[in-house]
Amino acid sequence: RKEVEQDPGPFNVPEGATVAFNCTYSNSASQSFFWYRQDCRKEPKLLMSVYSSGNEDGRFTAQLNRASQYISLLIRDSKLSDSATYLCVVNLSGTYKYIFGTGTRLKVLA
Amino acid sequence: GAGVSQSPSNKVTEKGKDVELRCDPISGHTALYWYRQRLGQGLEFLIYFQGNSAPDKSGLPSDRFSAERTGESVSTLTIQRTQQEDSAVYLCASSLRPGLTDTQYFGPGTRLTVL
């Protein structure tokens, strides 16, 4: 089983739609969680960190479920510019090691 | 301020040659990471530096790969006797320190093509 698993997609959604991605992780010692965004042929950029209580940043909401070992990303009112690959990243407690998922590809259609 | 920079941005080499990839992290960032991303794949962790030391090199794919960091700044990733399967984008990232909420900032990557 992969340490971090994501549905590769693509998720094709119309503009204005709400879309959600899940990411599961296998190591219960995982401590920190992040969502990164990667545009085609570009480097990953931090979208948001994910905290135990969940957090929201504008149209983006991230949730953490430790019991079921998954994190989610919800995007409301999708824009064409949201089209990208969304990477789930997990950091093990007290370590340097960041494990990246292979990403979920989102296409927002006009 | 300046972000993470990498050079060269593109490198085409012949099989069997050695290549050196350079990363300049954000000033003051003590942690530095190298990743490899093959076409259509996720990021594969290679090595991590805390200061000038590399606590874990187990992500390096083979003994043809080595990396060093000097002055808690610049890092170089060297691939000896390159093979076609080494073709990928090599990404460097730095963070202030590894920690609960630390953010990694990525450079633009070096696209390596081995013919």
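Look a little higher up for the structure.
Since this is a predicted model, take the numbers as computed values, not measurements.

1. Topic: the pairing of strand 3 (residues 19-25) of chain A
Residues and elements named next belong to chain A. Residue alternation in strand 3 divides its side chains into a buried set, Val-19, Phe-21, Cys-23 and Tyr-25, and an unburied set, Ala-20, Asn-22 and Thr-24. Two elements, strand 1 (residues 4-6) and strand 3, share three bridges in a ladder whose sense is antiparallel. Residue pairing across strands places Gln-6 opposite Cys-23, the latter belonging to strand 3. In terms of strand pairing, strand 3 meets strand 8 (residues 70-75) through six bridges, oriented antiparallel. From the neighbouring strand, Ala-20 faces strand 8, where its bridge partner is Leu-74.

2. Remarks on the sheet that holds strand 6 (residues 55-57) of chain A
All names here are of chain A. If you walk across this open sheet you meet the five strands as 1-3-8-7-6, and the pairing is antiparallel. The strands lining the two open edges of the sheet, one partner per strand, are strand 1 and strand 6. On average, adjacent strands in this sheet sit at an angle of 20° to one another, irrespective of strand direction.

3. Some thoughts on the interface of chain B and chain A
Of the residues lining the interface, 20 residues belong to chain B; the matching set on chain A comes to 18 residues. Contact between chain B and chain A buries roughly 1700 Å² in total, counting both sides, with carbon and sulfur atoms accounting for 57%. Applying the counting rule to chain B against chain A returns zero salt bridges. Along the contact surface separating chain B from chain A lie two residue pairs in polar contact (both at pLDDT 80 or more). Among the secondary structure elements, those contributing two or more residues to the side of chain B that touches chain A are strand 4 (31-37) and strand 5 (43-50) of chain B. Residue composition of the side of chain B that touches chain A, by class: ten nonpolar, seven polar and three charged.

4. Some thoughts on the pattern of salt bridges
Per the stated rule, a full pass over the model turns up eight salt bridges over all chains. Across the pair Arg-76 of chain A and Glu-56 of chain A runs a salt bridge, and its minimum N-O distance is 3.5 Å. Taken together, the positions of Arg-76 of chain A in the loop between strand 8 and strand 9 (84-92) and Glu-56 of chain A in strand 6 put the pair 20 residues apart, joining distant regions of the chain. Taking relative accessible area as the criterion, Glu-56 of chain A reaches 58% and is therefore assigned exposed. Across the pair Glu-14 of chain B and Lys-17 of chain B runs a salt bridge, and its minimum N-O distance is 3.7 Å. The class for Glu-14 of chain B is partly exposed, based on a relative accessible area of 49%. Exposure remark for Lys-17 of chain B: the relative accessible area of 45% places this residue in the partly exposed category.

Rules and cut-offs
The numbers attached to residues start from 1 for each chain and follow its sequence in the written order. Note on labels: chains are lettered from A, ligands numbered from 1, in written order. It should be noted that, the model being predicted, local features are given only for residues of pLDDT at least 70 and side-chain atom pairs only at 80 or more, the latter also being counted only at that level, while totals for whole chains, interfaces and linings use all residues. Calculation of side-chain values draws on the structure's entire complement of heavy atoms; hydrogens and water are dropped beforehand. Here the term buried applies to any residue with accessible area under 20% of the maximum for its type, exposed to any over 50%, and partly exposed to those in between, with areas from a 1.4 Å probe on protein chains only. Helix and strand labels come from DSSP, where a helix needs a run of H or I of at least four residues and a strand needs a run of E of at least two; each type is numbered from the N terminus. Pairing between two strands requires that DSSP report at least two bridges joining them. Each axis is a line fitted through C-alpha atoms, taken for helices only over the stretch in contact, and angles between the N-to-C directions span 0 to 180 degrees. Contact criterion: two residues are considered in contact whenever any of their non-hydrogen atoms come within 4.5 Å of each other. Computed with a 1.4 Å rolling probe, the buried area is the accessible surface lost when two parts are put together, summed over both parts. Definition used for salt bridges: Asp or Glu carboxyl oxygen within 4 Å of a side-chain nitrogen of Lys or Arg. Side-chain atoms alone can form a polar contact between residues adjacent in sequence; in general such a contact is a pair of N or O atoms within 3.5 Å, and within protein one must be able to donate a hydrogen while the other accepts it. Put simply, Ala, Val, Leu, Ile, Met, Phe, Trp, Tyr, Cys and Pro go in the nonpolar bin, Asp, Glu, Lys and Arg in the charged bin, and everything else, Gly too, in the polar bin.

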